[in-house]
Amino acid sequence: MDKLTLLFIVSVSFTGLTNGVGLLPDGPLNKAVGGTVMFTTVNPPESPFVSVSWRFGDKVVIVSNIVNTTSPGYEGRITFFPSTGSLELRSLSLSDSGEYTVRITAVTEEFDGRTTLGVYERISNPSITSSPKEPIEGNSVILTCDAAGSVFTRKWMKDGSDLTQADFILHDNNRVLSFQRLKKTDKGEYSCKISNPINSMEAKHDLVVNYGPENAQIKGEQNISLGHTITLTCNAESEPPANYTWLLNGTEIHNSPEYTKKNAEPSDSGNYTCQAKNIITGRSSSSVHGVTVTVFPEGSSGCSDGCIAGIVIACLVIVGAAAVAGYFIYKKKKRPKTSSNQTVGGGQDNTAYTGNKELNYVDIAVFHRRDGGAVQLGSQNETSEYAQVRGNNNPPSTSSPPTYDAYIQRTKRPAPQPAANVAELYAQVRKT
């Protein structure tokens, strides 16, 4: 038995019953590694004391009697205050955590007190790590909250609000937050607050949910005039933004969200395919857009909207004029047409029984006289001459031509008689 323990036993043997419960404040007293703690007695008895002893668990720290005796491991780390029996402990380490007791022996009675000391490492370097580092929609992901120091508690939050238990699973004393099947709505800022009785720190992590591409679409015109510019834009829902590849009839032609081709040619017609690909998810989406390059006749060019409107108006005017002209031609053809008639001996009118206006030509070789004779007109070997006879468009008065006698009676003049050996033509004929 060492000397310090013997002195403690001797001091107890000479005292009466223990008194003064609550000589030390209630614990725990929380201190950081490397720090200092002051065990201050509360309402101690009047000094001088017969003896004072301090213990850590079953281990004696110091006994103050006639002299002060300090146990190994505390030399240079403690300061004892004889007037109050208080004790200061410095250069704290994690092993200093535990229960401390003090006993003050007065002349007539003893006073005991006890308290608890907690020594912690300060929290530092908090962090949240994701596994995998690039989470993908539909897959599982784990967030882990770690820090250096003595971790006492962890509390998770999303965008400044408490998490809903249905969205995740917490385990390993809230160290691990796991998602079984990640959704787009899980995107956000996650924070983990790590605390101990000495200090607290917070780590934050932006959870990005990688997805897509989805719903690839192409915007642009389908009909392009020759020589004009083709502009097509492709877009798809994706995180991160997708990479775009353009193909024309299966042949790769461009790599960017927008495709532009100036001076469009007939060979630019066809099916344009936009392929969107996400390099993280490995997924892709595509869309097809047909383009036709309109070719105008040689020497002509594309026309603006105003030009097209002018052409349409001009066409309407031409069609209207043609319709009017056609109407008048139709009306003209519908009129009755009369044939040319011979008028002999002052102009016999034979228009009563003809219905057209075509020119009729007649060879007049023999003229019949009233007395029944006949006169041969001209030489039979001579070439006939034809005359144009004016037609009469008046409607016919009878269904048969008038007789010669009726004509003479109407004109009241005798028919002219031909001279001997002279061919007389009784018709008003205009030679052509």
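Throughout, residues of each chain are indexed from 1 in the direction in which the sequence is written. In view of the model being predicted, local features appear only for residues whose pLDDT reaches at least 70, and side-chain atom pairs are presented and counted only at 80 or more, with totals across whole chains, interfaces and linings using the full set of residues. Side-chain calculation: all heavy atoms of the structure are included, whereas hydrogens and water are not.

(A) Seen up close, the overall build of the chain. Along its length, the chain carries 3 helices and 30 strands. Classification of the 432 residues of the chain by burial places 34% in the buried group. Contacts are residue-level and defined by heavy atoms, with any inter-residue pair within 4.5 Å sufficient. Considering only residue pairs separated by 6 or more positions, the chain has 60% of its internal contacts joining residues 24 or more positions apart. Here the chain has roughly 26700 Å² of accessible surface; of this, 51% comes from carbon and sulfur atoms. Counting from the N terminus, the helices are the DSSP runs of H or I reaching at least four residues and the strands are the DSSP runs of E reaching at least two. We call a residue buried when its accessible area falls under 20% of the maximum for its residue type, exposed when it is over 50%, and partly exposed in between, using a 1.4 Å probe and counting protein chains only. Per-residue accessibility takes into account occlusion by the displayed protein chains alone, with areas from the Shrake-Rupley method and a 1.4 Å probe.

(B) Region of the structure containing the nonpolar core. In this structure, Phe-39, Trp-54, Val-61, Leu-87, Leu-89 and Leu-117 are the most contacted members of the largest nonpolar core, which totals 24 residues. Elements represented by at least two residues in this core include exactly β3 (37–39), β4 (51–56), β5 (59–64), β7 (78–81), β8 (86–89), β9 (98–105) and β10 (110–120). Those residues in contact with Leu-117, other than ones at most four positions away along the chain, are Leu-29, Lys-31, Val-37, Phe-39, Leu-92, Asp-96, Ser-97, Gly-98 and Tyr-100. Grouped together as the second largest cluster of nonpolar side chains are 18 residues, Ile-224, Tyr-272, Cys-274 and Val-291 included. Throughout, nonpolar core names a set of buried Ala, Val, Leu, Ile, Met, Phe, Trp, Tyr and Cys residues whose side chains join them through atoms within 4.5 Å.

(C) Expanded view of the confidence of the model for the chain. pLDDT: the predictor's confidence for each residue, scored from 0 to 100. Put simply, the chain has an average pLDDT of 79, and 68% of its residues get 70 or more. In the model, residues 3–20 has pLDDT below 50 throughout and makes 31 contacts with residues more than four positions away in sequence or in other chains. Scored below 50 in pLDDT, residues 378–389 makes 22 contacts in the model with residues more than four places away or belonging to other chains.

(D) Representation of the state of the cysteines within the structure. To count as a disulfide, a pair of cysteine sulfur atoms needs to be within 2.5 Å. Going through the model one piece at a time under the given rule, you end up with 2 disulfides. Between Cys-145 and Cys-192 runs a disulfide, and the two sulfur atoms are separated by 2.0 Å. The chirality of the disulfide connecting Cys-145 with Cys-192 is left-handed, given an S-S dihedral of about -85°. Linking Cys-145 in strand β12 (residues 141–148) with Cys-192 in strand β17 (residues 188–195), this pair joins segments that are 47 residues apart in sequence. Exposure remark for Cys-192: the relative accessible area of 0% places this residue in the buried category. Each sulfur in the disulfide pair Cys-234 and Cys-274 lies 1.9 Å from the other. Residues Cys-234 and Cys-274 share a disulfide whose torsion about the S-S bond is about -90°; that sign makes it left-handed. Placement of Cys-234 in strand β21 (residues 230–239) and of Cys-274 in strand β25 (residues 270–277) is noted, with a sequence separation of 40 residues between them.

(E) Main features of the packing of aromatic side chains. Note on aromatic pairs: the rings of Phe, Tyr and Trp (six-membered ring only in Trp) are paired at centre separations within 6.5 Å, and the planes decide the class, stacked below 30 degrees, edge-to-face beyond 60, tilted for the rest. Applying the stated rule across the entire model yields 7 aromatic pairs. Ring geometry for Phe-39 and Trp-54: centres 5.6 Å apart, planes at 40°, overall tilted. In this pair, Phe-39 is assigned in strand β3 and Trp-54 in strand β4, connecting sequence segments 15 residues apart. For the pair Phe-56 and Tyr-100, a centre-to-centre distance of 4.6 Å together with 25° between the ring planes defines the contact as stacked. Taken as a pair, Phe-56 in strand β4 and Tyr-100 in strand β9 lie far apart in primary sequence, 44 residues in all. Among the aromatic residues, ring-to-ring pairing joins Phe-39, Trp-54, Phe-56 and Tyr-100 into one connected group. Over the face of the ring belonging to Tyr-211 we find Lys-184, whose NZ or CZ atom lies 4.4 Å from the ring centre. Put simply, a charge is over a ring when the Lys NZ or the Arg CZ is close to the ring centre, within 6 Å, and near the line of the ring normal, within 35 degrees.

(F) How the structure looks around the pattern of salt bridges. The salt bridge criterion pairs a side-chain nitrogen of Lys or Arg with a carboxyl oxygen of Asp or Glu, the two atoms within 4 Å. Taken as a whole and judged by the stated rule, the model has 11 salt bridges. Residue Glu-88 pairs with Arg-90 through a salt bridge whose shortest N-O separation is 2.9 Å. You can call Glu-88 partly exposed: its relative accessible area is 22%. With relative accessibility at 24%, the residue Arg-90 sits in the partly exposed group. When the shortest N-O distance is used, the salt bridge between Arg-175 and Asp-146 registers 2.8 Å. One end of the pair, Arg-175, is in the loop between β15 (169–171) and β16 (176–179); the other, Asp-146, is in strand β12, with 29 residues separating them in the sequence. Among the residues examined, Arg-175 registers a relative accessible area of 26% and is labelled partly exposed. A relative accessible area of 27% places Asp-146 in the partly exposed class.

(G) Highlighting the sheet that holds β15. Reading across from one edge, β11-β12-β16-β15 is the order of the 4 strands in this open sheet, with antiparallel pairing throughout. One side of each edge strand has no neighbouring strand; the edge strands of this open sheet are β11 (124–131) and β15. Between one strand axis and the next, the sheet turns through 20° on average, direction left out of account. Strands qualify as paired when DSSP identifies two bridges or more between them. Bridge analysis of β12 against β16 gives 4 bridges, and the strand direction is antiparallel. By the bridge assignment for β16, Thr-144 is matched with Val-176. Only the stretch in contact is used when fitting a helix axis, every axis being a line fitted to C-alpha atoms; angles between N-to-C directions are given from 0 to 180 degrees.

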